[in-house]
Amino acid sequence: MGLKYGNRIVHMDGCRFESEAEARRWRELRLREAAGEISELKRQQRFWLYASTPTEPAKLRFYYLADFTYREKGNPKLVVEEKKGRATGDPKNPVGRLYRMKIAILLANYPDIDFREV
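Criteria and thresholds
- Residues numbered from 1 in each chain as written.
- Predicted model: local features only at pLDDT ≥ 70, side-chain atom pairs only at ≥ 80, totals over all residues.
- Heavy atoms only, no water.
- Pairing = 2+ DSSP bridges.
- Helix = DSSP H or I, 4+ residues; strand = E, 2+ residues; numbered from the N terminus.
- Axes fitted to C-alpha atoms, helices over the stretch in contact; angles between N-to-C directions.
- Contact = heavy atoms within 4.5 Å.
- Phe/Tyr/Trp six-rings, centres within 6.5 Å; stacked < 30°, edge-to-face > 60°.
- Buried < 20%, exposed > 50% of the residue type's maximum accessible area, 1.4 Å probe, protein only.
- Lys NZ or Arg CZ within 6 Å of the ring centre and 35° of its normal.

## A short note on the sheet that holds strand β6 (residues 113–117)
For step 1, the next point in the chain: Within the open sheet, the four strands sit side by side as β3-β4-β5-β6. Their pairing is mixed. Two strands close off the open sheet at either side, each with one partner strand: β3 (38–51) and β6. Across this sheet, the average inter-strand angle for adjacent strands is 35°, counted without regard to direction.
For step 2, the next point in the chain: Here five bridges tie strand β5 (residues 78–82) to β6, and the two strands are oriented parallel to one another. What sits directly across from L78, in β6, is I113.
For step 3, the next point in the chain: Packed on one face of the sheet, helix α1 (residues 20–34) meets β3, β4 (60–72) and β5 and runs near 125° to β3.

## Quick notes on the side chain of R25
For step 1, the next point in the chain: Mapped onto the fold, R25 is located in helix α1.
For step 2, the next point in the chain: Setting aside its immediate chain neighbours within four residues, R25 contacts R32, F68, Y70, E81, K83 and V118.

## Section: the packing of aromatic side chains
For step 1, the next point in the chain: For the structure shown, the criterion picks out five aromatic pairs.
For step 2, the next point in the chain: Ring centres of F47 and Y110 lie 5.2 Å apart, and the angle between their planes is 80°; this geometry places the pair in the edge-to-face category. Linking F47 in strand β3 with Y110 in the loop between α3 (94–109) and β6, this pair joins segments that are 63 residues apart in sequence.
For step 3, the next point in the chain: Judged by relative accessible area, F47 falls into the buried class, the value being 8%.
For step 4, the next point in the chain: Centroid distance W48 to Y63: 5.5 Å. Interplanar angle 75°. Geometry classified as edge-to-face. In this pair, W48 is assigned in strand β3 and Y63 in strand β4, connecting sequence segments 15 residues apart.
For step 5, the next point in the chain: Here a set of aromatic residues connected by ring pairs shows up, and it is made of F17, W26 and F68.
For step 6, the next point in the chain: One residue, R43, lies across the ring of F17, its end atom 4.2 Å from the ring centre.

Here's what the structure looks like:
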């Protein structure tokens, strides 16, 4: 059993994935890379995030760990992709609200990325 939301941990290509869905997506992206549609495919890339408080600018520092990043033909931006399940995607769920806040800060800190949820 996985650490999050009852997912089953999967090992593939020498990597550990938090869910079967994430492992399937990795396999799909590897096929796209082999076909030349995308390049520079990576997983678990860390993006440092900075947020301000009313009294101290850039006081908070934490990171967002992207599921996958890659370059797509014809797209000048780095694609940052997140494989999402129901629990973290639900804005009514506290974990979902934290996730949405992190994504908002990610986009404010890195305006030149192409963020996608799949």
